[in-house]
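The lines below spell out each chain.
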Amino acid sequence: MTAEEVSNEGQTIPIEGEDITPKKDGGVLKLVKKEGTGNEFPMTGDKVFVHYVGTLLDGSKFDSSRDRNDKFSFEIGKGQVIKAWDIGVATMRIGEVSQLICKPEYAYGAAGSPPKIPPNATLVFEVELFEFHGEDITEEEDGGIVRRILTKGEGYTKPNEGAAVEVAIEGSCEGRVFDERELKFELGDGDSLDLPPAVEKALQSMEKGEEALFTVKAKYGFGSNGHAKFNIPGGATLQYKIKLINFEKAKESWEMNADEKLEQSSIVKDKGTQYFKDGKYKQASVQYKRIISWLEHESSLKGAEEEKAKALRLAAHLNLAMCYLKMHEHAPALENCDKALELDSNNEKALFRRGEALFGMKEYERARGDFTRVTQLYPANRAAKAQVQVCQKHMKEQHEKDKRLYAGMFQKFAERDAKREATQGKENGEGDSMDVEENGTQEQTAA
C-alpha cells in the first residue's frame, strides 16, 4: 500500500491504495471498498458491466452511471476506455467495489476532457463490477464460440482463409482432454485433421503469439453426431485452449496480379477436386470459393487468358453447386447454378444441378422445367429424362394432396356456416321449433 498527499485547489487530500500499474509508476492506485466473490478476473477481450461514479480530487462529481441508472459496458484491453480502467477493472472480482485513483497519463492526459475534466487532472472513480463474459466471435452473435484471452498477441494482422498456421491446441470436454497437439496446416484443411469448424474460426480472430480459451457449442463443434475417435457425444460443448505460434497469410486477391490469380486458381481447383473425391465437401467448397473471389472481378485478362479464367470460374460454380447439393444446402446450390448459367446459358451440368436444387426445395414444376430443357438440348441424358418423370409424379402427388386439403377446408367452412346459420335461427325464433326450421330454411335460401 502507498499513501501520499495531493494538493488540489488549496485542499489537501490523502490518497492511498495499491499501485496496480505494470510499470509500478503509481499511475493507478486501487483501494478495495467491498470484496468481490469467486476467483476469476476479467481477461483481455471480455465484456464487463459496471456502475461507476467519477469525481475530481476536490470531490466534485463529473459523471455517474448510477445517476443514469444504466450500467456501463466495455471490452477489456481494447482501448475503449481510459488506460486506468483497462488496468483496474481487470483486477476486480464479481461484486467488488473499488476506488481507482488515476493520474493524468492513465486518464485524459494534458488535454483533459472539457468542460468537465480539466487538463492534467487526477481522477477518482468508484467502480462496482457486476458481471463479465468472453467475446462472442460468431457472425450470428449466438454465443456459439466465446473467446477469453489468456495472453495477448502482437501486431494487428490475423490469419485469413488459406493462411499457413502453426498452432498448439488442447481440446477438452467435461474436464477430459481429448486432443492435445502442435500442428502446421492451411486454414481450410482443418476437418482433415479432426478439427471442428470452431478452431479455424477461432484462429482467424487471433494475433500472432496469442493464447486463448474458446468455449464451443455443438453447432460449431462436432454437431449432433459427435466424434467417435475422440469419444465425444452428439450435442457436446467443447473447450479449446489455442496458441497461435506463427502464421503466414494467404495472398489476398488485391495482392496478386492476373497471372498469379490464374496460376493459383488452377492449383486450388485440383486441391478442391481431391477433397471432393475424398468426400470432404466443406473443404472442397472453400477452395472453389477462393477461385471465384480471385477471378470474378478480374477485368485485365484478354484473349486465351480471359477464356481460361472464364472456364475456371464456370468449373468453380459448378463444383461448388455440387458440394452444396452433397451437403443438402439447396439454396446456395441454386445460386451457384444461376451464376454458372450466366457464364454458359445452356450448360448441361448447370441446368441439371439447378433442377436437383429446385427438386430439393420441393419446387417440382421449376425443377421439371430444367430437366426438360436438358433433355431437349442433350437428348442422350437419360438421368434428366428419368428426373422429368419423378418431378411429374411428385407434382401429381402434390396436386392430389392439395385437393384433399382444400376439400377438407371447404367441408369445414360449410359445416361452420351451417352451424352459424342454425344458431342465428334459434336466436330469431324465440324458442318455437317451427319458426326455427322456417327461419333456418329461409336464411339458407337467402344465402
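Structure report, in brief. (Residues numbered from 1 in each chain as written. Predicted model: local features only at pLDDT ≥ 70, side-chain atom pairs only at ≥ 80, totals over all residues. Heavy atoms only, no water.)

1. Looking at the pairing of strand β11 (residues 164-173)
Regular strands place side chains that alternate from one sheet face to the opposite one. Most of β11 is tucked away, with seven of its 10 residues classed as buried. In this sheet, strand β12 (residues 176-186) lies alongside β11 in antiparallel orientation, the contact comprising 10 bridges. For A164, the partnering residue across the bridge sits in β12 and is E186. The turn linking β11 back onto β12 is made up of two residues, and E174 within it adopts a positive phi angle of 55 degrees. (Buried < 20%, exposed > 50% of the residue type's maximum accessible area, 1.4 Å probe, protein only. Helix = DSSP H or I, 4+ residues; strand = E, 2+ residues; numbered from the N terminus. Pairing = 2+ DSSP bridges.)

2. Concerning the packing of helix α7 (residues 330-343) against helix α8 (residues 348-360)
The axes of two packed helices give the description: the angle between them and the distance between them. At a minimum axis separation of 9 Å, α7 and α8 run at an interaxial angle of 155 degrees. By the angle between their directions, the pair α7 and α8 is classed as roughly antiparallel. Seen along the crossing, α7 lies across α8 with a hand that is left-handed. Note on element contacts: α8 touches α7 through A350, L351, R353, R354, E356, A357, L358 and G360, opposite H330, A333, L334, C337, D338, A340 and L341. When the residues that make up the contact of α7 with α8 are grouped by side-chain class, the tally is nine nonpolar, two polar and four charged. (Axes fitted to C-alpha atoms, helices over the stretch in contact; angles between N-to-C directions. Parallel < 35°, antiparallel > 145°, perpendicular 65-115°, else oblique. Left-handed = near helix turned anticlockwise from the far one by under 90°. Contact = heavy atoms within 4.5 Å. Nonpolar A, V, L, I, M, F, W, Y, C, P; charged D, E, K, R; others polar.)

3. Digging into the environment of D46
By the element assignment, D46 lies in the loop between β3 (28-34) and β4 (47-56). Along the primary structure D46 and R147 are separated by 101 residues, whereas in three dimensions their C-alpha atoms are 8.0 Å apart. When near neighbours in sequence (up to four residues on either side) are disregarded, D46 contacts F41, F74, E75, I76, F132, H133, G134, R147 and R148. A polar contact of 2.5 Å, which involves the side chain of D46, links it to the side chain of R148. (Polar contact = N/O pair within 3.5 Å; in protein donor to acceptor, adjacent residues only side chain to side chain.)

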